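What follows is each chain in one-letter form.
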Amino acid sequence: MAELAEKAGITVRTLRFYRERKLIPPPRREGRIAWYNDHHLARLRTIAALLERGHTLGGIAELLAAFESGRRDVGELLGLPGGEPSWPAETPVRLAPEALADYFEGQVTPENLITSLDLGYLAADGDEIVHLSRRLLDVSHTLVEQGIPLAAVLTAAREMRAHVEAIAEIYVTLLRDHVLPDALERGEDAGETVERLRPLATSAVDAELTMALNRRMPADLGGEPRGGASGRQ
């Protein structure tokens, strides 16, 4: 523990506090000896970086718990009493650090790793790295292959996250204010109601995004818009 604290630039007392708060995983034990590895050191450096970015220890603990669970409870989001409906989870991907480095050759920097952790894309599980979503990993990989720096992809992801959260809030408000009260009064299962209507939100967002891309991309590239609000083809 003393050696790990020294390498991380913190006191043993601070390290014990982090362990008590479960901010780092327990060490591997052999008898009375506790063995820490590079994974623990990387976690401590990530915590330090997040603290420098203004996160609280409580927030970091919640962030790490979300990384490791890989899912979000919609019941909490909707403020529903009792039931625990949940959206279908994304398919996580387990990678060795070397495999992640191969995905993004030369661009797996400490800064990009911290950003990915902050976004919730990556989590550490022992000696493996878990990416939250196979789809997002493949999209990021393809964009980088097309010449977009990984840092720019992550910046765009952060901006997109804010817009998507706003869209989700709109849909949640519709459900909470106009659908769930009557459904619950009829004795329907809240989770089943949410799951039944979820594809409508996905379809609406996909349609709006398609029309927005048809309006914006041809115009930005010097071509003519293909349809859109005017209906022009």
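Here the structure is a predicted model, which means the values were calculated and not measured. Numbering of residues starts from 1 in every chain and runs along the sequence as written. Only residues with pLDDT of at least 70 get local features here, since the model is predicted, and only at 80 or more are side-chain atom pairs given and counted; chain-wide, interface and lining totals rely on the full set of residues. With hydrogens and water set aside, each side-chain value is computed from the structure's full complement of heavy atoms.

Bringing the overall build of the protein chain into the picture now. Under the DSSP-based scheme used, a helix requires at least four consecutive residues in state H or I and a strand at least two consecutive residues in state E, with every element numbered from the N terminus. If you tally the helices and strands in the protein chain, you get 10 helices and five strands. Summary of the burial criterion: residues with accessible area below 20% of their type's maximum are buried, those above 50% are exposed, and those between are partly exposed, where the area comes from a 1.4 Å probe applied to protein chains only. When each of the 233 residues of the protein chain is scored for burial, the buried share is 28%. Every residue pair with non-hydrogen atoms within 4.5 Å of one another is taken to be in contact. Looking at the protein chain alone, contacts between residues at least 24 apart form 56% of all its contacts between residues at least 6 apart. Total accessible area on the protein chain stands at roughly 15200 Å², and carbon and sulfur atoms take up 55% of it. Residue-level accessible areas treat just the shown protein chains as cover; the underlying method is Shrake-Rupley with a 1.4 Å probe.

Opposite charge on two side chains lets them pair, provided their charged atoms get close. By definition here, a salt bridge exists when the distance from a side-chain nitrogen of Lys or Arg to a carboxyl oxygen of Asp or Glu is within 4 Å. Under the criterion given, the structure shown has six salt bridges. Close ionic contact of Glu 128 with Arg 94 constitutes a salt bridge, the shortest N to O distance being 3.2 Å. Of this pair, Glu 128 sits in strand β5 (residues 128-131) while Arg 94 sits in strand β3 (residues 93-95); the two residues are 34 residues apart in sequence, bridging distant segments of the chain. On the basis of relative accessibility, which here comes to 34%, the residue Glu 128 falls in the partly exposed class. Here Glu 169 ties to Arg 176 by a salt bridge, and the two come within 3.8 Å at their closest N and O atoms. For Glu 169, a relative accessible area of 38% corresponds to the partly exposed category. Where salt bridges share partners, they join Glu 169, Arg 176 and Asp 177 into one cluster.

This paragraph deals with the nonpolar core. Nonpolar side chains in soluble globular proteins tend to be buried together. In this structure, Leu 100, Phe 104 and Leu 150 are the most contacted members of the largest nonpolar core, which totals 15 residues. Elements represented by at least two residues in this core include exactly β3, α7 (110-119), α8 (134-145) and α9 (150-185). Beyond its immediate sequence surroundings of up to four residues, Phe 104 is in contact with Leu 137, Ser 140, His 141, Val 144 and Leu 150. Listed in part, the 12 residues of the second largest apolar core include Ala 5, Leu 23, Leu 44 and Ile 60. As used in this record, nonpolar core signifies buried Ala, Val, Leu, Ile, Met, Phe, Trp, Tyr and Cys residues forming a set joined through side-chain atoms within 4.5 Å.

Strand order in the open sheet made by the three strands is β3-β5-β4, with antiparallel pairing throughout. Each edge of the sheet is formed by a strand with only one pairing partner; in this case those strands are β3 and β4 (122-125). When strand polarity is set aside, the average angle formed by the axes of neighbouring strands in this sheet is 30°. Whether two strands pair comes down to DSSP finding at least two bridges between them. Inspection of the sheet shows β4 paired to β5 by four bridges, in the antiparallel sense. The partner of Leu 122 across the bridge, within β5, is His 131. To get an axis, fit a line to the C-alpha atoms, keeping to the stretch in contact for a helix; angles then go from 0 to 180 degrees between the N-to-C directions.

Let us now look at the packing of α7 against α9. Relative orientation of the contacting elements α7 and α9 amounts to 20°, with a least axis distance of 10 Å. Classified by the angle between their axes, α7 and α9 sit roughly parallel to one another. The interaxial crossing formed by α7 with α9 has left-handed handedness. Contacts between α7 and α9 pair Asn 112, Thr 115, Ser 116, Asp 118 and Leu 119 from the former with Leu 150, Ala 151, Leu 154, Ala 157, Arg 158 and Arg 161 from the latter. The classification used treats Ala, Val, Leu, Ile, Met, Phe, Trp, Tyr, Cys and Pro as nonpolar, Asp, Glu, Lys and Arg as charged, and all other residues, Gly among them, as polar. In terms of residue class, the contact of α7 with α9 is built from five nonpolar, three polar and three charged. For classification, angles of less than 35 degrees are called roughly parallel, those exceeding 145 degrees roughly antiparallel, those between 65 and 115 degrees roughly perpendicular, and all remaining angles oblique. In this scheme the handedness of a crossing depends on how the near helix is turned from the far one: anticlockwise by less than a right angle means left-handed, clockwise means right-handed.

Okay, the packing of aromatic side chains next. Stacked, edge-to-face and tilted labels apply to pairs of Phe, Tyr and Trp rings (six-membered ring for Trp) whose centres lie within 6.5 Å, assigned for plane angles under 30 degrees, over 60, and everything in between, in that order. On inspection of all chains with the given rule, the structure shows two aromatic pairs. Geometrically, the ring pair formed by Phe 17 and Tyr 18 is tilted, given 6.5 Å between the ring centres and 50° between the ring planes. Overall, the relative accessible area of 8% leaves Tyr 18 in the buried class. Here the aromatic rings of Tyr 103 and Phe 104 are separated by 6.0 Å at their centres, their planes lie at 45°, and the arrangement is tilted.

Let's shift gears to α9. Spanning 36 residues, α9 covers 49 Å between terminal C-alpha atoms, matching the ideal 52 Å at 1.5 Å per step. In the structure, α9 departs most strongly from a straight axis at Val 179, where the bend amounts to approximately 50° and where the proline Pro 181 lies between one and four residues downstream. Residues Leu 150, Val 153, Leu 154, Ala 157, Tyr 171, Val 172, Leu 175, Leu 180 and Ala 183 constitute the buried set of α9. Every helix has an expected span of 1.5 Å times one less than the residues it contains. Values of bend correspond, residue by residue, to the angle between axes fitted over the seven residues ending at that residue and the seven starting there.

Our next topic: unusual backbone geometry. The phi angle at Lys 22 is positive, at roughly 60°, despite the residue not being glycine. On the secondary structure map, Lys 22 appears in the loop between α2 (12-20) and β1 (28-30).

Time to look at the side chain of His 131. Inspection of the secondary structure puts His 131 in strand β5. According to the relative accessible area criterion, His 131 is buried, its value standing at 5%. Within the local environment of His 131, its side chain forms a polar contact with the backbone oxygen of Ser 133, the two atoms lying 3.1 Å apart. For His 131, the residues in contact, after removing those within four places along its chain, are Pro 92, Val 93, Tyr 121, Leu 122, Leu 136 and Leu 137. N or O atoms closer than or at 3.5 Å make up a polar contact, with two conditions inside protein: a donor-capable atom paired with an acceptor-capable one, and, for residues adjacent in sequence, both atoms drawn from side chains.

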